[in-house]
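# What the coordinates show
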Amino acid sequence: MELAIQTQTVCTRPSETMDTELSKQGNNLVTKFHVLMRISQIYDSKNVALHQFIQESLQAINTFIGRERSLSLKIAKDDIFINGQRLRYSVEGFTSFKYLMTQWKKRLIGEVLFKEPIDERSLREFIYILMSLEEGREENAVLFTERLMESHIFSIEVNPLEVIEGEEDAIALRREDSYKVAKKVFFEAIGAVKEVITQIKGKEQADVRKLKRLVRKAVYLIMEDESILLGMTTMKNYDEYTFSHSVNVSIYSLAIGRRLGFSKKTLTELGITAMLHDIGKSKIPTEILNKPAKLNENEWNLMKNHPLAGVEIILNLKQLGEINPKMVIGIFDHHLKNDLSGYPKLFRKKSVSLFGRIIQIADSYDAMITPRVYKKIPYTPEQALAIMVRERGVHFDPILLKMFIGLVGIYPIGSLVLLDTHEIGIVYKTNPEPQWMDRPQLILVGRDEKGEAKKELVDLTETNRGGLFKRSVIKTLDPNKYHINIAKYFL
Ligand SMILES: [Fe+2]
Ligand SMILES: [Fe+2]
């Protein structure tokens, strides 16, 4: 059975799929390259065991070239093109298809052109040079060509991977230090939310393009390492609550979405929805939002209208592009509560959408652990989680909540803990292994002679020679009582 790959083509490449015979040969070639690349990882280039594989591959390649004059293997987005025609991969060929695509993409190689029949030595050299390329290096295609020339191989041409819009960020991120990028994305996102809210308050047309771009970057970051962005959420900014709250809710939501196995597209939609979940509050006067005392009935009614106001705003956002109903419903649902006892009041019962349920958890957690005008001393992460667990079923989806606790850990990122060594640490990275949930990575709290934070990183799974843990948590501490600015340790 053969499957035609029906993904839309990119750029201006010919998109017609090839005939059955060509596709059979194409699959055979891809499988041959797969095997060659794999065995080159096991044997060195002089090994005789390679001989038979090389011969078989040579025959396939040269027969193809004999008929078609040349052989071009090209990767564009998620397709392989053979002599300009998109390959229909067979079920059996799928592993090879995937392997070739991944290995070439990692090395930023986009096309290999065999201009004439080749010999055994050239093929051998070609495979070993290809596999020795450093992953993510932009100059790989040039280096590859140079090395082929040094080996007097002139019949093979190598071209770099064409970066298509949307993949740019991923590749850029591979090169830069993820932590620096995360910090930049985090602060730029706060700025972008602020801009959108200011524009809406000023009755201008809000520009959400920047926000969308940043969410896309955040999606790549969260897929790479969730703890980096989660660490950013410890930077509580009292004055800019609304903006940093929106970004934090987006980060927590993305981390939950990732655990749920969402695609990049769905994650981006979720991230934007979460980023804009409180956008309806831009219609509420700041005095009410920041009122330290209890709200009167009128004010409370206005407050309760913010999910609906949010829906209205995002439906009018021009550059949001295609608005998926999930996004609109997610905003509408974010205060409904699991038993529908929240707001807005419904005329007819409905279930709370998945986006809504995710955002509810992220929203409540962030609101509880952040200082507010009317609650200057917030809950510690553990207190907040304990309250949420108590309210599960009524307020939250119990399964998602369990997942969230697994995500932030028993000691969530940013928690202050006392160790059995009498040291104090800040949870920097949770341990993804469920059995080590109580053994995160910490930054030890300490200052050098200049009074600067020392930022010594320790892992609680570390053991001494006798196999005993070097450090263990005795209890969590309230950072507000110790006047420790947690965020400083993450900068
Ligand atoms: Fe809200
Ligand atoms: Fe909120």
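Residues numbered from 1 in each chain as written. Chains lettered and ligands numbered in written order. Predicted model: local features only at pLDDT ≥ 70, side-chain atom pairs only at ≥ 80, totals over all residues. Heavy atoms only, no water.

### Things to note about the overall build of the protein
Each helix and strand counted, the protein has 19 helices and ten strands in total. Looking at the 491 residues of the protein, the share that counts as buried comes to 51%. Contacts in the protein between residues far apart in sequence, at least 24 positions, make up 68% of those at least 6 positions apart. Carbon and sulfur atoms provide 52% of the accessible area of the protein, an area that totals close to 24,400 Å². (Helix = DSSP H or I, 4+ residues; strand = E, 2+ residues; numbered from the N terminus. Buried < 20%, exposed > 50% of the residue type's maximum accessible area, 1.4 Å probe, protein only. Contact = heavy atoms within 4.5 Å. Areas by Shrake-Rupley, 256 points an atom, 1.4 Å probe, with all protein chains shown as cover.)

### As for the nonpolar core
One finds Ile314, Tyr365 and Phe404 to be the most contacted residues of the largest nonpolar core, which totals 70 residues. Take this core: its biggest share by element is eleven residues, from helix H7 (residues 178–201). When sequence neighbours within four positions are dropped, the list of residues in contact with Tyr365 reads Tyr252, Pro381, Ala384, Leu385, Met388, Phe404, Val408 and Pro412. In terms of nonpolar packing, the next biggest core, distinct from the first, is built from 46 residues, Val112, Ile129, Met131 and Leu148 among them. (Core = buried A, V, L, I, M, F, W, Y, C linked by side-chain atoms within 4.5 Å.)

### Some remarks on the coordination of the iron ion (ligand 2)
For a metal bound by four donors in a tetrahedral arrangement, the ideal donor-metal-donor angle is 109.5 degrees, while six donors in an octahedral arrangement ideally sit at 90 or 180 degrees. Bound to the iron ion (ligand 2) on the protein side are His245 (NE2), His277 (NE2), Asp278 (OD) and Asp363 (OD), at distances that span 2.1 to 2.3 Å. For the iron ion (ligand 2), the four donor atoms are set out with angles of 73 to 172° between them, so the coordination reads as irregular. The sequence pattern describing where the donors of the iron ion (ligand 2) fall on their chain is H-x31-H-D-x84-D. In this structure, the iron ion (ligand 2) is positioned 3.5 Å from the iron ion (ligand 1), and both are ligated by Asp278. Accessibility expressed as a relative area gives 5% for Asp278, which makes it buried. (Donors = N, O, S within 2.8 Å, 3.2 Å for Na, K, Ca; no water. Tetrahedral: all angles 85-135°; square planar, octahedral: opposite > 155°, others 65-115°.)

### Observations regarding the packing of helix H8 (residues 209–224) against helix H10 (residues 241–259)
At their nearest, the axes of H8 and H10 sit 10 Å apart, and the two run at 55° to each other. By the criterion of interaxial angle, the relationship of H8 to H10 is oblique. H8 and H10 meet at a crossing whose hand is right-handed. Contacts from Ala218, Val219, Ile222 and Met223 in H8 reach Ile251, Leu254, Ala255 and Arg258 in H10. For the contact of H8 with H10, a count of residues per class yields seven nonpolar, no polar and one charged. (Axes fitted to C-alpha atoms, helices over the stretch in contact; angles between N-to-C directions. Parallel < 35°, antiparallel > 145°, perpendicular 65-115°, else oblique. Left-handed = near helix turned anticlockwise from the far one by under 90°. Nonpolar A, V, L, I, M, F, W, Y, C, P; charged D, E, K, R; others polar.)

### A few points about the coordination of the iron ion (ligand 1)
Looking at the metal site, the iron ion (ligand 1) is ligated by Asp278 (OD), His306 (NE2), His334 (NE2) and His335 (NE2), spaced 2.0 to 2.3 Å from it. Summarised as a motif, the one-chain spacing of the donors to the iron ion (ligand 1) is D-x27-H-x27-H-H.

### Some points on the sheet that holds strand S3 (residues 85–86)
Spatially, five strands are ordered S3-S2-S1-S4-S5 in an open sheet, and the strand pairing comes out antiparallel. Of all the strands in the sheet, just S3 and strand S5 (156–160) have a single pairing partner and so form its edges. Sheet topology note: the strand S4 (residues 109–114)/S5 ladder contains five bridges and is antiparallel. The residue bridging Phe114 from the neighbouring strand is Ile156, located in S5. (Pairing = 2+ DSSP bridges.)

### Let's talk about the pairing of strand S2 (residues 79–82)
Side chains Asp79 and Phe81 of S2 all project onto a buried face; the interleaved residues Ile80 and Ile82 project onto the opposite face, where all are buried too. Here four bridges tie strand S1 (residues 71–76) to S2, and the two strands are oriented antiparallel to one another. Residue pairing for S2: Ile75 is matched across the bridge by Ile80. Counted along the chain from S1 to the antiparallel partner S2, the turn is two residues long, and its residue Lys77 has a positive phi close to 50°.

### Remarks on the packing of helix H16 (residues 354–369) against helix H17 (residues 381–390)
Packing of H16 against H17 brings their axes to within 9 Å, and their N-to-C directions diverge by 135°. As judged from the angle between their axes, H16 and H17 are oblique. Judged by the sense of rotation from one axis to the other, the crossing of H16 with H17 is right-handed. Together, Ile361, Ser364, Tyr365, Met368 and Ile369 of H16 and Pro381, Ala384, Leu385, Ile387 and Met388 of H17 make up the contact between the two elements. Broken down by class, the residue content of the contact of H16 with H17 amounts to nine nonpolar, one polar and no charged.

### Some thoughts on the side chain of His334
Tracing the backbone through its elements, the reader meets His334 in the loop between helix H15 (325–333) and H16. Judged by relative accessible area, which is 1%, His334 ranks as buried. For His334, the side chain forms a polar contact with the side chain of His335, separated by 2.9 Å. Apart from residues lying up to four places away in sequence, His334 is in contact with His277, Asp278, His306, Pro307, Gly356, Ile359, Gln360 and Asp363. (Polar contact = N/O pair within 3.5 Å; in protein donor to acceptor, adjacent residues only side chain to side chain.)

### Focus on helix H14 (residues 306–315)
Among the ten residues that make up H14, seven are buried, leaving the element largely enclosed by the rest of the structure. All buried positions along H14 are accounted for by His306, Pro307, Ala309, Gly310, Val311, Ile313 and Ile314. Where H14 is buried, its residues meet H7, helix H13 (297–304) and H15.

### Describing the packing of aromatic side chains
Counted by the stated rule, this structure contains eleven aromatic pairs. With centroids separated by 5.3 Å and ring planes inclined at 85°, the aromatic side chains of Phe186 and Phe187 adopt a geometry described as edge-to-face. Assessed through its relative accessible area of 42%, Phe187 is described here as partly exposed. Clustering of aromatic rings is evident, with ring pairs tying together Phe33, Phe114, Phe126 and Phe144. When the ring centre of Phe469 is taken as origin, the NZ or CZ atom of Arg439, which lies over that ring, is 3.5 Å away. (Phe/Tyr/Trp six-rings, centres within 6.5 Å; stacked < 30°, edge-to-face > 60°. Lys NZ or Arg CZ within 6 Å of the ring centre and 35° of its normal.)

### Describing the pattern of salt bridges
Considering all chains together, one arrives at 16 salt bridges under this definition. The partner of Glu157 in a salt bridge is Lys115, and the shortest N-O contact between them spans 3.7 Å. Taken together, the positions of Glu157 in strand S5 and Lys115 in the loop between S4 and helix H4 (120–132) put the pair 42 residues apart, joining distant regions of the chain. Accessibility expressed as a relative area gives 31% for Glu157, which makes it partly exposed. Taking the shortest distance from any N to any O, the salt bridge between Lys265 and Glu269 comes out at 3.6 Å. With Lys265 and Glu269 both in helix H11 (residues 264–275) and four residues apart, this pair spans about one turn of that helix. Linked by salt bridges that have partners in common, Glu226, Arg258 and Arg259 make up one network. (Salt bridge = Lys/Arg side-chain N within 4 Å of Asp/Glu carboxyl O.)

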